[in-house]
Amino acid sequence: MFSIRKAALVAAAFSTLAFTGTTVSPALAADDVYMLSVPDALATADAHDRLDGSVKFYFGDGAHPAVVRRLGDFVTNQKTNGFAKGDFQACSWVFLSALLEFQKRAHDVGADAVINIHSYYKKEDVSIDTQVPCHKGFWVGGIALRGEFVRIR
């Protein structure tokens with residue numbers, strides 16, 4: 001609940017900024033696109049430690065083994081704290097979070113692969129092969145992916 005005391009503190013903080021001539025920069029809310037290398041992100045120690053290998057990931061519209069059974073599409077929209085993190089660090093972490101969500105979903109539906117993985121940030125469908133767009137501001141980094149869950153074995 002937002003108390004009168006909290007409101008007074010917020011007002012005091014903003015009036016202090018105004019009194020000193022300090023402005024809050026819109027750059028703090030920037031939404032820059034960092035193109036994350038998929039191979040580099042998959043080569044991190046975190047990816048090796050957390051992805052169990054039971055689910056194969058096929059990016060973009062490229063080749064994949066023959067599909068035995070289709071189990072549906074799924075979208076994951078992951079965010080991470082980007083404060084004081086470099087672009088690669090924040091974006092590789094949020095990318096891994098998206099793949100872990102795919103891995104969990106694959107286990108739930110009985111899939112052993114996710115094919116046709118595309119970027120789906122703000123519902124803009126973009127095929128990704130070797131790079132995935134990561135939207136990173138000062139506070140938050142985000143990646144949205146869409147993929148098709150299948151059995152290939």
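Residues numbered from 1 in each chain as written. Predicted model: local features only at pLDDT ≥ 70, side-chain atom pairs only at ≥ 80, totals over all residues. Heavy atoms only, no water.

Trainee: Explain the pattern of salt bridges here, please?
Mentor: Any two side chains of opposite charge can pair, so long as their charged atoms come close to each other. Applying the stated criterion to the full structure yields four salt bridges. Glu148 serves as the salt-bridge partner of Arg70, at 2.5 Å between the closest nitrogen and oxygen. With Arg70 in strand 3 (residues 69-81) and Glu148 in strand 7 (residues 140-151), the pair connects residues that are 78 residues apart, well separated along the chain. Residue class for Arg70 comes out exposed when judged on its relative accessible area of 53%. The closest approach of N and O atoms between Lys136 and Asp87, which form a salt bridge, is 3.9 Å. A residue pair is termed long-range when its members are at least 10 positions apart, and Lys136 in strand 6 (residues 131-136) and Asp87 in helix 4 (residues 87-109) qualify at 49 residues. Given a relative accessible area of 9%, Lys136 falls into the buried group. (Salt bridge = Lys/Arg side-chain N within 4 Å of Asp/Glu carboxyl O. Helix = DSSP H or I, 4+ residues; strand = E, 2+ residues; numbered from the N terminus. Buried < 20%, exposed > 50% of the residue type's maximum accessible area, 1.4 Å probe, protein only.)

Trainee: Can you walk me through the confidence of the model for the protein chain in this structure?
Mentor: Close inspection of predicted coordinates is inappropriate for parts of the model with low pLDDT. Averaged over every residue, the pLDDT of the protein chain is 85; residues scoring 70 or more account for 80%. Residue range residues 7-29 is modelled with pLDDT below 50. Its contacts to residues more than four positions away, or to other chains, number seven contacts. (pLDDT = per-residue confidence, 0-100. Contact = heavy atoms within 4.5 Å.)

Trainee: What is the right way to look at the side chain of Ser92 in this model?
Mentor: Among the secondary structure elements, Ser92 is positioned in helix 4. Within the local environment of Ser92, its side chain forms a polar contact with the backbone oxygen of Gln89, the two atoms lying 3.3 Å apart. Beyond its immediate sequence surroundings of up to four residues, Ser92 is in contact with Leu36 and Ala41. (Polar contact = N/O pair within 3.5 Å; in protein donor to acceptor, adjacent residues only side chain to side chain.)

Trainee: Help me understand the packing of aromatic side chains, please; the structure alone is not making it clear to me.
Mentor: Think of a pair of aromatic rings as described by two things: how far the centres are apart, and how the planes are tilted against each other in angle. One pass over the structure, following the stated rule, counts seven aromatic pairs. Ring geometry for Phe83 against Phe138: centres 5.5 Å apart, planes inclined by 75°, an arrangement best described as edge-to-face. Here the residue Phe83 occupies a position in the loop between strand 3 and helix 4, and Phe138 occupies one in the loop between strand 6 and strand 7, the gap between them amounting to 55 residues. Judged by relative accessible area, which is 33%, Phe138 ranks as partly exposed. (Phe/Tyr/Trp six-rings, centres within 6.5 Å; stacked < 30°, edge-to-face > 60°.)

Trainee: How should I be thinking about the nonpolar core in this particular structure?
Mentor: When a protein is soluble and globular, its nonpolar side chains tend to lie buried together. Ranked by internal contacts, the top residues of the largest apolar core, which has 27 residues, are Phe57, Phe95, Phe102 and Leu145. Breaking this core down by element, the ones donating at least two residues are helix 2 (38-42), strand 2 (56-59), helix 4, strand 4 (113-119), strand 6 and strand 7. Looking at which element gives the most residues to this core, the answer is helix 4, with nine residues. Beyond its immediate stretch of four places on either side in the chain, Phe95 contacts Leu36, Val38, Ala41, Leu42, Phe59, Val132, Ile143 and Leu145. (Core = buried A, V, L, I, M, F, W, Y, C linked by side-chain atoms within 4.5 Å.)

Trainee: Before we go on, may I ask you to explain the pairing of strand 4 in this structure?
Mentor: Burial analysis of strand 4 places six of its seven residues in the buried class, the great majority of the element. Sheet analysis places strand 2 next to strand 4, joined by three bridges and oriented parallel. Looking across to strand 4, one finds that Lys56 is bridged to Ala113. With five bridges joining them, strand 4 and strand 7 adopt antiparallel strand pairing. Opposite His118, over in strand 7, you have Arg146 as the bridge partner. (Pairing = 2+ DSSP bridges.)

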